[in-house]
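The primary structure of each chain is shown beneath.
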Amino acid sequence: MRISVIGCGYLGAVHAACMAQLGHDVVGVDVDAEKVALLASGRAPFFEPGLPELLEETMATGRLRFTTDLAEAAGAQVHFVCVGTPQKRGENAADMRFVDAAVEGILPHLAPGDVLVGKSTVPVGTAERIAERLAEVQPGATLVWNPEFLREGFAVQDTLHPDRLVYGIPAGPDGAHAQAVLDEVYATPLADGTPQVVTDFATAQLVKVAANSFLATKISFINAMAELCETTGADVTQLADAIGHDARIGRRFLNAGLGFGGGCLPKDIRAFMARAGELGADQALSFLREVDSINMRRRVRMVDLAREVCDGSIVGRKVAVLGAAFKPNSDDVRDSPALSVAAQMALQGATVVVTDPEAVANAERAWPQLSFAATAEEAAAGADVVLLATEWQEYRDLDPHAFGEVVRGKRVVDGRNVLDPGKWRAAGWVYRALGRP
Ligand code: UDX
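Residues numbered from 1 in each chain as written. Predicted model: local features only at pLDDT ≥ 70, side-chain atom pairs only at ≥ 80, totals over all residues. Heavy atoms only, no water.

(A) Region of interest: the sheet that holds strand β14 (residues 430-433). Taken in spatial order, the six strands of this open sheet run β11-β10-β9-β12-β13-β14, and their pairing is parallel. Each having just a single partner strand, β11 (371-373) and β14 make up the two edges of the open sheet. Each strand axis lies, on average, 25 degrees off the axis of its neighbour in the sheet, ignoring direction. Inspection of the sheet shows strand β13 (residues 411-414) paired to β14 by four bridges, in the parallel sense. When the bridges of β14 are listed, Arg411 appears paired with Val430. Across the sheet, helix α13 (residues 337-347) lies against β9 (318-322), β10 (351-355) and β12 (385-388), angled at about 160 degrees from β10, the strand it touches most. (Pairing = 2+ DSSP bridges. Helix = DSSP H or I, 4+ residues; strand = E, 2+ residues; numbered from the N terminus. Axes fitted to C-alpha atoms, helices over the stretch in contact; angles between N-to-C directions. Contact = heavy atoms within 4.5 Å.)

Printed below as a string of structure tokens:
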């Protein structure tokens, strides 16, 4: 199939490369000339495991190219809209400017029979609005809503081997045609037995935000339990293991700690609440406000714990923060709990040095007032307290004896419950964690 992918960020760049890997002929389009130049030279503009190799492999086949010129999307049979829907400044709602611009930009290049595929996470009702616009400008083309569920750090694997494929299609022959076209695009994963749900626009759009709301709720649930553990002396990691053995609950996404961040979960639950409000259904989602509050409280609690281990004050104390990315195996610092904690501590008078294996450059751009170091040892040199904020494997693997040599005070706050308290305490450290005695 000839495919265009509009927007080459975390979603689109991976999607374009994976579509080429599946055998299609793909053009990726982005307005950012720098990003396009990098991709066109076969380099990934962000850290994503497996993407550089995939780019190299697929570019060599001649089936993948990148451009800033949307006109080059003309001639493709399928056009994926993969641009971002960030949170609006000062509001909970999603900023739809990029989606609207992408759609308006591609409309003049569509031909009868083409399929326009929405992948961006959008407020329910967006697909219906785009379909109306499409009917005005190019009635021979059809819209499908096909949300993506990829996780950063596993984006290539999640795109090539998705958990499920969801299509929101219009009723009638146009919908059937669009479904057949998309089935051809995804022929390989479908042949592998990937479950498929074919539904209407509204359901397809809701599936994505419902899934992310559920995941956010699961994380905030265990973090609420962590608060209870803190007041009762219980251990939330054992509690999670024990309830996780119940197959109905499941252990995944029950890791208590600093909570969720990133470019999706926080803004998606807020945009969902905002949309429900517009639709007069805000009561249905009022629990998400609590999910958000629990999540944000964990960041405050982490700062308080650091203060506690520093005998009541962090003013003038040197703090090493291990991790800047919102999660390991990513260089994404959007709404990163690690940086939020680092910034709060700096604002409260501590001298903070942040390190991360991949995200220092992005973190420095977002928080230029913070100090950064290339390694954990450098960040922790002379530190009074070490905060583990993002659970990169290399921080999990730190040797408490050797690491104890570089700090001034052996105090560690484990924000992700990944260090072995016994081992660290035996090496002379004061160990504290969220939700653990
Ligand atoms: C998420 C969804 O998982 C994905 O399906 C969707 O397409 C986009 O949003 P992503 O943002 O890449 O993906 O991150 P995810 O792996 O879901 O983690 C989100 C946040 O939750 C991270 O900050 C992570 O540290 C945190 N988290 C995750 C926890 O605090 N505890 C857990 O048990 C799991």
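(B) How the structure looks around the packing of helix α1 (residues 12-21) against helix α3 (residues 51-61). α3 packs onto α1 with a crossing angle of 45 degrees between their chain directions and a minimal axis gap of 9 Å. Taken together, the axes of α1 and α3 are oblique relative to one another. Crossing handedness for the pair α1 and α3: left-handed. Along the contact surface, α1 presents Ala13, Val14, Ala17, Cys18, Ala20 and Gln21, while α3 presents Leu51, Leu54, Leu55, Glu57 and Thr58. When the residues that make up the contact of α1 with α3 are grouped by side-chain class, the tally is eight nonpolar, two polar and one charged. (Parallel < 35°, antiparallel > 145°, perpendicular 65-115°, else oblique. Left-handed = near helix turned anticlockwise from the far one by under 90°. Nonpolar A, V, L, I, M, F, W, Y, C, P; charged D, E, K, R; others polar.)

(C) Layout of the pattern of salt bridges. Taken as a whole and judged by the stated rule, the model has 30 salt bridges. Between Arg301 and Glu230 there is a salt bridge; the shortest N-O distance is 3.1 Å. In this pair, Arg301 is assigned in helix α12 (residues 286-309) and Glu230 in helix α9 (residues 201-232), connecting sequence segments 71 residues apart. (Salt bridge = Lys/Arg side-chain N within 4 Å of Asp/Glu carboxyl O.)

(D) Here's a closer look at the pairing of strand β1 (residues 2-6). The element β1 is extensively covered by neighbouring structure, given that four of its five residues are classed as buried. Judged from the five bridges that link them, β1 and strand β2 (residues 25-29) form a sheet pairing that is parallel. If you follow Ile3 over to β2, its bridge partner there is Val26. Each parallel crossover has a hand, and the one from β1 via α1 to β2 is right-handed. Pairing of β1 with strand β4 (residues 78-81), which is carried by four bridges, proceeds in the parallel orientation. Bridge pairing in β4 places Ile6 opposite Val81. (Buried < 20%, exposed > 50% of the residue type's maximum accessible area, 1.4 Å probe, protein only. Right-handed = clockwise from strand over helix to strand, strands pointing away.)

(E) Geometry of the nonpolar core. Residues Met345, Val352, Val354, Val386, Leu387 and Phe403 are the most contacted members of the largest nonpolar core, which totals 53 residues. Beyond its immediate chain neighbours, meaning those up to four positions away, Phe403 contacts Leu322, Ala376, Glu377, Ala380, Val386, Leu398, Trp424 and Trp429. Counting residues in hydrophobic clusters, the runner-up holds 40 residues, among them Met19, Ala20, Val117 and Val156. (Core = buried A, V, L, I, M, F, W, Y, C linked by side-chain atoms within 4.5 Å.)

(F) Representation of unusual backbone geometry within the structure. Its identity as a non-glycine residue notwithstanding, Asn329 has a phi of 65 degrees, on the positive side. Position of Asn329 relative to the elements: it lies in the loop between β9 and α13. Look at Asn329 and you get partly exposed, because its relative accessible area is 32%. One non-glycine residue, Asp335, adopts positive backbone phi at about 45 degrees. When you line up the elements, Asp335 lands in the loop between β9 and α13.

(G) Local environment of the packing of α9 against helix α11 (residues 265-278). Relative orientation of the contacting elements α9 and α11 amounts to 115 degrees, with a least axis distance of 9 Å. As α9 runs across α11, the sense of the crossing is left-handed. Residues Leu206, Lys208, Val209, Ala210, Asn212, Ser213, Ala216 and Ile219 of α9 form the contact with α11, whose participating residues are Leu265, Asp268, Ile269 and Phe272. For the contact of α9 with α11, the class distribution of residues is eight nonpolar, two polar and two charged.

(H) Structural view of the domain arrangement of the chain. Parsing the chain into structural domains produces domain 1 (2-199) and domain 2 (238-433). Taking only C-alpha atoms into account, the centre of domain 1 sits 33 Å from that of domain 2. Opposite the 17 residues of domain 1 that make contact, domain 2 presents 19 residues. Here domain 1 and domain 2 share an interface that buries about 1500 Å² over both sides, 51% of which is from carbon and sulfur atoms. (Domains from an automatic or database assignment. Buried area = accessible area lost by both parts, 1.4 Å probe.)

(I) Up close: the site of the ligand. Phe149, Leu150, Glu152, Asn255 and Lys327 are the nearest of the 20 residues found near the ligand. Within the contact set of the ligand, an oxygen atom lies 3.1 Å away from a backbone nitrogen or oxygen of Gly261. Here the element with the most residues in the shell around the ligand is α9; it accounts for four residues. Grouping the amino acids of the shell around the ligand by side-chain chemistry returns 10 nonpolar, four polar and six charged. (Near = heavy atom within 4 Å. Polar contact = N/O pair within 3.5 Å; in protein donor to acceptor, adjacent residues only side chain to side chain.)

(J) Local environment of the pairing of β10. The element β10 is largely enclosed, with a buried count of four among its five residues. Considered for its hand, the β-α-β crossover made up of β9, α13 and β10 is right-handed. Bridge analysis of β10 against β11 gives three bridges, and the strand direction is parallel. Bridge assignment links Val354 to a residue of β11, and that residue is Phe372.

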